[in-house]
Each structure stands twice: as structure tokens, then as C-alpha cells.
Amino acid sequence: MARILIADDHAGLRDVLVETLGSSGHDVKGVATGDAARDALEVEDYDLLVTDLRMPGLDGLALLQHVRARSNPVQTIVMTAHGTVETAVRAMHLGALDYVEKPFPLSAMEAKVQKALEKISLQEENRRLRDAEDAHFGQLTGASPPMRHVFDLITRVAETPTPVLILGESGTGKELVSREIHRRSPRRDGPFVAVNCAALAEGVLESELFGHERGAFTGATQLKRGKFELADKGTLFLDEVGEIPPATQVKLLRFLQEKEVERVGGSKVIKVDVRIVCATNRDLKAEIERGRFREDLFYRINVISIVLPPLRERREDIPLLVDALLSGHSQSTGLSGSVTEDAMTLLQMYEWPGNVRELENVLERALVLSSPGPDGHRRISPVDLPQEIRGGEGDAGAQREYLEATGLMAQIERIEREIIRKALEECAWNQSKAAKALHLKRSSLQYKMKKYNLEKRPEGGAA
Ligand SMILES: Nc1ncnc2c1ncn2[C@@H]1O[C@H](COP(=O)(O)OP(=O)(O)OP(=O)(O)O)[C@@H](O)[C@H]1O
Ligand SMILES: [Mg+2]
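As the structure is a computational prediction, the values presented were derived from the model and not from experiment.

Section: the overall build of the chain
No. 1: Helices and strands together make up the secondary structure of the chain, namely 20 helices and 18 strands.
No. 2: Across its three principal axes, the chain shows a C-alpha extent of roughly 100 × 60 × 50 Å.
No. 3: Expressed as a percentage of its 463 residues, the buried residues of the chain come to 44%.
No. 4: Here the chain contributes 63 positive and 71 negative side-chain charges, whose respective centroids are spaced 4 Å apart.

Structure, rendered in C-alpha cells:
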């Protein structure tokens, strides 16, 4: 269904068009003058304008000029009188999509409208894809302000050899960010070596990082080069850096000060050129206070820090992540799927203690549970989601009752109304734009505008 505006001073033709296009399922409004069309376009969103050229007052060409000057110009089909092709050509120059010469059979107009709408939806799809492209930064997905800030920081630190500390809850993408820093750095052709400092026992970690000489300890039957040596000219990612035991912290500090390492059981000094990126989900300041982490080491590794926001603080990224994760999944498994609007709402409301990793797991599971359509495409709906995401113990009715009984519902609605009003104002009451900013369908936005009695008031009066 599309929203179509018809402008023609000839009532007979106008009514017939409104009726015909309306009966093909479109939402059609008719106006008698160019001025009325301009006013209608100001307050409402239309997908298509069908306008006569010769009208009293603002004529079709002037209307087109006005339309083209708008930030979000509506696509237009013009109707010209028989034998005035030059005006039609001028209209096309002014950006009209197509023209029809009067008189025309209604079927011809229907076909033109159909074709125009297909073209418009294709353009919209392209725009959506372009926007989605903007939301990708290497392997990372996100368009929220905190993620854009993270992307910006990555770009800037990648250039430098300075140590970086990545902070964030589990599953927020710390490892992914460390790889992106390497990939964008001048060391990109060198090795990227990752060590999980939490996974190894004390002595093992030390010889893993620094290597050992043959005979350094029982079982050291051969010389072993450490990760520092292996990461020469590249990047060493020390994951869970907060877990490094004190003796190894000292060796790490020495590397950071002198750019040299010594194998366990050896005395030879080995110069290495390694960029260090560390990550932790621990509060290192608290670890320092408890005496478990060296303060001098903390300052050395924390020259620049990148803090990854938890997913619940960037819910607007969830639809983008869902798209990216599902398409990545379909490439690796061949299972293609998408998420219904209801399921998406639930995903956006959930708290995500496990962040993006948890979202990844939930989608993978839901994809398997969902039933494929005849074309093999799977639609993930609320029943495919785990109980905790569907809404804990109670059903939606019980939750609503609880919220209403505690007075929280009114508060939630007040907040929702305010968010929607702000978005509308920021988008100059353009419903398509506001709906997009709010990640709502336009119909849902219109429903909520009605529910909350939101409409544009003249003279900046509060709605
Ligand atoms: N912004 C993002 N865009 C796309 N995928 C992401 C993003 N952030 C994380 N992921 C994905 O989520 C998963 C977890 O990311 P990663 O391993 O980098 O997190 P982490 O912070 O290192 O987690 P942990 O603390 O548990 O080690 C990975 O599969 C990663 O690909
Ligand atoms: Mg990790």
C-alpha cells in the first residue's frame, strides 16, 4: 500500500483517480489546487504525487519546483493536456518521474503508478542498503553514537604504536575491536597473535608469552619461542589481562619499558617490535587496590582506553546486528532467515547480560527452531525465542496488569510519548524520517501518534 496525493482542479477526473487507485489498495487523497497539494505535502508523507500541470494558483511546474526544494522530495507523475509535450519535458527536467498525456485510459494511469511505485521501492531499498553499509566498520556493526565514537577511536589509535586497553563487559566485542585495530594499523601485514591470559596456569603463561630455553625446567626439552617473538612487527593481544600473575606482570612491564624480552631460563636479551593491545572485563582500579595488579603496569597499558558499551545501552543497533549476524550465519550454514516485527521488539527490550555474543547464540538457536517457509526462508517469531526474552514468567497480559497496578505503565507511556514527540520534532514532523529514526514502521508510528494525540501544532505550540 502506498500513499498517493492527486492534484487536479478537474473534480471529475480527480474523483475517478482517487477511487480507482484507492480500490487497488492505496491510500489516496485528492486536492483541487497546487497550493492545497503543497500544504498537504507539508503535513503528511506521501510516496507519490500525481499532479495536473495547469491549475489555478500554484501550477504544476511551480509545485514541482517546490517539491524538488524539499529535503525529502516526493516522486511525481504529471498529467499534461494533449499536445503540450514541451511542458511535460520541462516537468521531467524538474525531476518528475513520468508523465501521462490527457485523455488517458485509467488502466494506463494504473500501470504508470504501479511502475513508479516499483521504482520508488527499489530506490528505498538501495538507500536502506547504503545506510546499512554506513553501519559497518570492518567486522563491527553499529550506528549508535557510542559505537560511532568507538569506530572513530579505532581509526585514530590504529595509526600509532601506543598500547591500547579495551574495556567492556563479556561479549561486547573486545577481541573483534583488537583485530580491527591491527587490520587498520601500519602493522597490518605483520602477525596478529592473541593470548588468553586467564586460560593458562602461571608458569605456563610465562613461557607461552616469553618462551623458554631448552632445559629451562623439567620437560623443557626444546627451545620454545614465545608469543612476543612470534608477534614481532605485529600486534599482541593480551585478553583478560587482569588475570596475569604478579611475576609475569613484572616481565610485561619490562617489555613495555625496554622493548625487550628474555626467554625463561635464558639470559639473552631479545629485542622485539610489538604493539600491545590488552582487554579486560575486570575493574583494574579495584584490582590495584586489592594489590593484585601493579599500578605502574596499569598506566603503561592504559595509555589509550576504548570502552565498549553494553548492548542494552545501544538498543538502536540491535536490528542492524540482527541483520548482520543472520546474513553472516546464512553464508556459513546456508540457513536464511529474518525476524518478525514482534520478535524484533522483544529482542530490543531484553537486557542482554551476555551482549552481542548472547544475541548471536539466541539467533542461531532461533533459526534452527523456526520453521522454514516453502522457499526455505525462516521467519523467527516470538515463540522461537527463549523464555527470558519472551518476557520471563508472566504472559504479556499479566505484565501489563502489573505495570498498570504499580503505576509504571503511565510512566512508560509518558516516556514513550516524549521520545516519539522529540523524534517527530527533530524530523520536522516528517513521519517517514521519524519512523526510521525510531525503528518503527510508519503505520506503527501513526498508530502511536493517534494513541498519544500527537500532531503538529502551528506556531511551535507544544503538542
Ligand atoms: N559490534 C559488533 N558487530 C558485530 N559482531 C559483533 C560485535 N561485537 C561483538 N560481535 C560478535 O560477538 C561475539 C563476541 O565478540 P568478542 O569475542 O569480540 O567479545 P569479547 O568482548 O571479547 O567477549 P569476552 O569478554 O567474553 O571475551 C563475536 O562472535 C563477535 O563476532
Ligand atoms: Mg574476548
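So, helix 5 (residues 106-134)
No. 1: For helix 5, built from 29 residues, the straight-helix expectation of 42 Å at 1.5 Å per residue is met to within 8% by its first-to-last C-alpha distance of 42 Å.
No. 2: Among the structural elements, strand 1 (3-7), helix 1 (11-23), strand 3 (48-52), strand 4 (75-80) and strand 5 (98-101) are those in contact with the buried residues of helix 5.

A look at the environment of Leu61
No. 1: By the secondary structure assignment, Leu61 is in helix 3 (residues 60-69).
No. 2: Filtering out sequence-adjacent residues up to four positions away, Leu61 remains in contact with Leu53, Thr87, Arg90, Ala91 and Leu94.

Observations concerning the site of ligand 1
No. 1: Ligand 1 sits among 18 residues. The nearest are Thr141, Gly171, Lys174, Arg357 and Glu360.
No. 2: At 2.6 Å from an oxygen atom of ligand 1 is found a side-chain nitrogen or oxygen belonging to Lys174.
No. 3: Between Glu175 and ligand 1, the recorded distance is 3.1 Å, taken from a backbone N or O atom to an oxygen atom.
No. 4: The protein chains hide 85% of the 630 Å² of surface that ligand 1 would expose on its own.
No. 5: Of the residues that constitute the shell around ligand 1, the class distribution is five nonpolar, seven polar and six charged.

Some words on the pattern of salt bridges
No. 1: Within this structure, the stated rule accounts for 37 salt bridges.
No. 2: With a closest N to O distance of 3.3 Å, Glu260 and Lys271 form a salt bridge. Of this pair, Glu260 sits in strand 13 (residues 260-262) while Lys271 is found in strand 14 (residues 269-271), placing the two residues eleven residues apart along the sequence.
No. 3: A relative accessible area of 59% places Lys271 in the exposed class.

Basis of the calculations
- Residues numbered from 1 in each chain as written.
- Chains lettered and ligands numbered in written order.
- Predicted model: local features only at pLDDT ≥ 70, side-chain atom pairs only at ≥ 80, totals over all residues.
- Heavy atoms only, no water.
- Helix = DSSP H or I, 4+ residues; strand = E, 2+ residues; numbered from the N terminus.
- Buried < 20%, exposed > 50% of the residue type's maximum accessible area, 1.4 Å probe, protein only.
- Lys, Arg positive; Asp, Glu negative; His and termini not counted.
- Charge placed at Lys NZ, Arg CZ, Asp CG, Glu CD.
- Expected span 1.5 Å × (residues − 1).
- Contact = heavy atoms within 4.5 Å.
- Near = heavy atom within 4 Å.
- Polar contact = N/O pair within 3.5 Å; in protein donor to acceptor, adjacent residues only side chain to side chain.
- Areas by Shrake-Rupley, 256 points an atom, 1.4 Å probe, with all protein chains shown as cover.
- Nonpolar A, V, L, I, M, F, W, Y, C, P; charged D, E, K, R; others polar.
- Salt bridge = Lys/Arg side-chain N within 4 Å of Asp/Glu carboxyl O.

Taken by themselves, the reported measurements are silent on function.
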